[in-house]
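# Survey of secondary and tertiary structure
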Amino acid sequence: DGLRNRFSVVAALDVTRIRTTVRRNLAITAGLIVLSALLAIVLGTRLASRMSRALSLLSAAHKKLGHAEYAHVTGVETKDEYEDLANGFNTMVDGLRERDKLRQTFGKYMTRSGMDHLLSGNVELGGKSIVVTILFADIRNFTTISESMAPQEVVGLLNEYFTDMVSIIMAEDGVVDKY
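Okay, so let's go over this structure. All values derive from a computational prediction rather than experimental measurement. (Residues numbered from 1 in each chain as written. Predicted model: local features only at pLDDT ≥ 70, side-chain atom pairs only at ≥ 80, totals over all residues. Heavy atoms only, no water.)

## Focus: the pattern of salt bridges
Applying the stated criterion across every chain, the model contains two salt bridges. One salt bridge in this structure joins Asp-94 and Arg-97, with 3.5 Å as the shortest N-O distance. In this pair, Asp-94 and Arg-97 are both assigned in helix H3 (residues 81-107), three residues apart and thus about one turn of the helix distant. Among the salt bridges present, the one from Asp-100 reaches Arg-99, with a minimum N-O distance of 3.3 Å. Classification of Asp-100 as partly exposed rests on a relative accessible area of 24%. (Salt bridge = Lys/Arg side-chain N within 4 Å of Asp/Glu carboxyl O. Helix = DSSP H or I, 4+ residues; strand = E, 2+ residues; numbered from the N terminus. Buried < 20%, exposed > 50% of the residue type's maximum accessible area, 1.4 Å probe, protein only.)

This is the structure:
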């Protein structure tokens with residue numbers, strides 16, 4: 001029994017090497033964290049810059065559209081939703097430009113309600129039979145009357161006649177085909 005009390009086993013570990021290893025691993029980890037943060041900042045800044053540029057181009061084109069300037073969005077090549085949005089905007093601008101061109105062309109010959117009906121897409125291919133009234137109007141003895149008037153008076157007479165006739169026809173959703 002006395003022998004047992006005299007001997008003891010003690011386990012000892014040299015911690016100087018562990019402390020060095022831990023410090024080295026902490027330094028590597030801190031370096032990786034700093035490097036990751038810098039990489040995230042660089043990539044985030046680049047992505048934000050591309051997004052901001054795309055939005056600026058879209059915003060500028062939108063402002064022009066507000067002033068009836070049909071400008072395309074150019075330079076948005078992001079391969080994402082911004083590029084899709086820019087392409088969709090350009091398609092819309094083309095459609096608005098075409099619509100206004102049709103309005104200008106048809107506006108010379110028909111009323112706004114007629115144009116709206118035509119541009120609404122409710123027009124049937126092949127036509128549709130409807131009942132209409134056609135007015136052929138002439139100024140009786142116009143040649144004789146105009147021969148006794150100065151050119152400015154003839155123009156004044158015609159302007160007065162056409163102003164009244166066209167306003168009546170347009171008020172009834174009519175179409176002026178020829179003067």
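Right, picking up where we left off after that structure.
## Considering a nonpolar patch on the surface
Among the surface-exposed residues, Leu-13, Val-15, Ile-18, Val-22 and Leu-26 lie close enough to one another that they form a single nonpolar patch of about 470 Å² accessible area. As for its position among the elements, Leu-13 is in the loop between helix H1 (2-6) and helix H2 (16-66). (Patch = residues over 30% accessible without salt bridge, like charges linked within 9 Å, V, L, I, M, F, W, Y side chains within 5 Å. Areas by Shrake-Rupley, 256 points an atom, 1.4 Å probe, with all protein chains shown as cover.)

## Structural notes on helix H6 (residues 151-171)
The end-to-end C-alpha distance of H6 is 30 Å, a good match for the 30 Å that 21 residues give at a rise of 1.5 Å each. Phi turns positive, to about 60 degrees, at Asp-173, one or two residues after H6. (Expected span 1.5 Å × (residues − 1).)

## Things to note about the nonpolar core
By size, the foremost hydrophobic cluster in this structure holds 10 residues: Ala-54, Leu-58, Ala-61, Leu-65, Val-73, Val-76, Tyr-82, Ala-86, Phe-89 and Val-93. When residues of this core are traced back to their parent elements, those giving at least two are H2 and H3. In contact with Ala-86, not counting residues within four places along its chain, are Leu-58, Val-73 and Val-76. (Core = buried A, V, L, I, M, F, W, Y, C linked by side-chain atoms within 4.5 Å. Contact = heavy atoms within 4.5 Å.)

## A look at the side chain of Glu-83
Assignment of secondary structure puts Glu-83 in helix H3. The buried charged residue Glu-83 lacks any salt bridge partner; its closest oppositely charged side chain belongs to Lys-79, at an N-O distance of 4.4 Å. Side-chain polar atoms of Glu-83 contact the backbone nitrogen of Thr-78, separated by 3.2 Å. Residues contacting Glu-83, with those up to four places away along its chain left out, are Val-76, Glu-77 and Thr-78. (Lys, Arg positive; Asp, Glu negative; His and termini not counted. Polar contact = N/O pair within 3.5 Å; in protein donor to acceptor, adjacent residues only side chain to side chain.)

## What to know about the packing of H2 against H3
At a minimum axis distance of 10 Å, the contact between H2 and H3 shows a crossing angle of 15 degrees. The angle between the axes of H2 and H3 places the two elements in the roughly parallel class. Considering the relative orientation of H2 and H3, their crossing is left-handed. Along the contact surface, H2 presents Met-51, Ala-54, Leu-55, Leu-58, Ala-61, His-62 and Leu-65, while H3 presents Tyr-82, Leu-85, Ala-86, Phe-89, Met-92, Val-93 and Leu-96. (Axes fitted to C-alpha atoms, helices over the stretch in contact; angles between N-to-C directions. Parallel < 35°, antiparallel > 145°, perpendicular 65-115°, else oblique. Left-handed = near helix turned anticlockwise from the far one by under 90°.)

## Considerations on the layout of surface pockets
Taken as a whole, the largest pocket holds about 1100 Å³ of empty space. Lining the largest pocket are 32 residues, with Thr-133, Gly-174, Val-175, Val-176 and Asp-177 sitting closest to its centre. For the lining of the largest pocket, the elements supplying multiple residues, two or more each, are helix H4 (112-119) and H6. (1 Å grid on protein atoms, 1.4 Å probe; cavity = no way out; pocket = protein on both sides within 12 Å on 5 of 7 lines; lining within 4 Å. Points joined across faces, edges and corners; volume = space filled by probe spheres on them.)

## A few points about the environment of Thr-20
Tracing the backbone shows Thr-20 in helix H2. Assessed through its relative accessible area of 52%, Thr-20 is described here as exposed. Residues Thr-20 and Val-42, spaced 22 residues apart in sequence, show a C-alpha to C-alpha distance of 33 Å.

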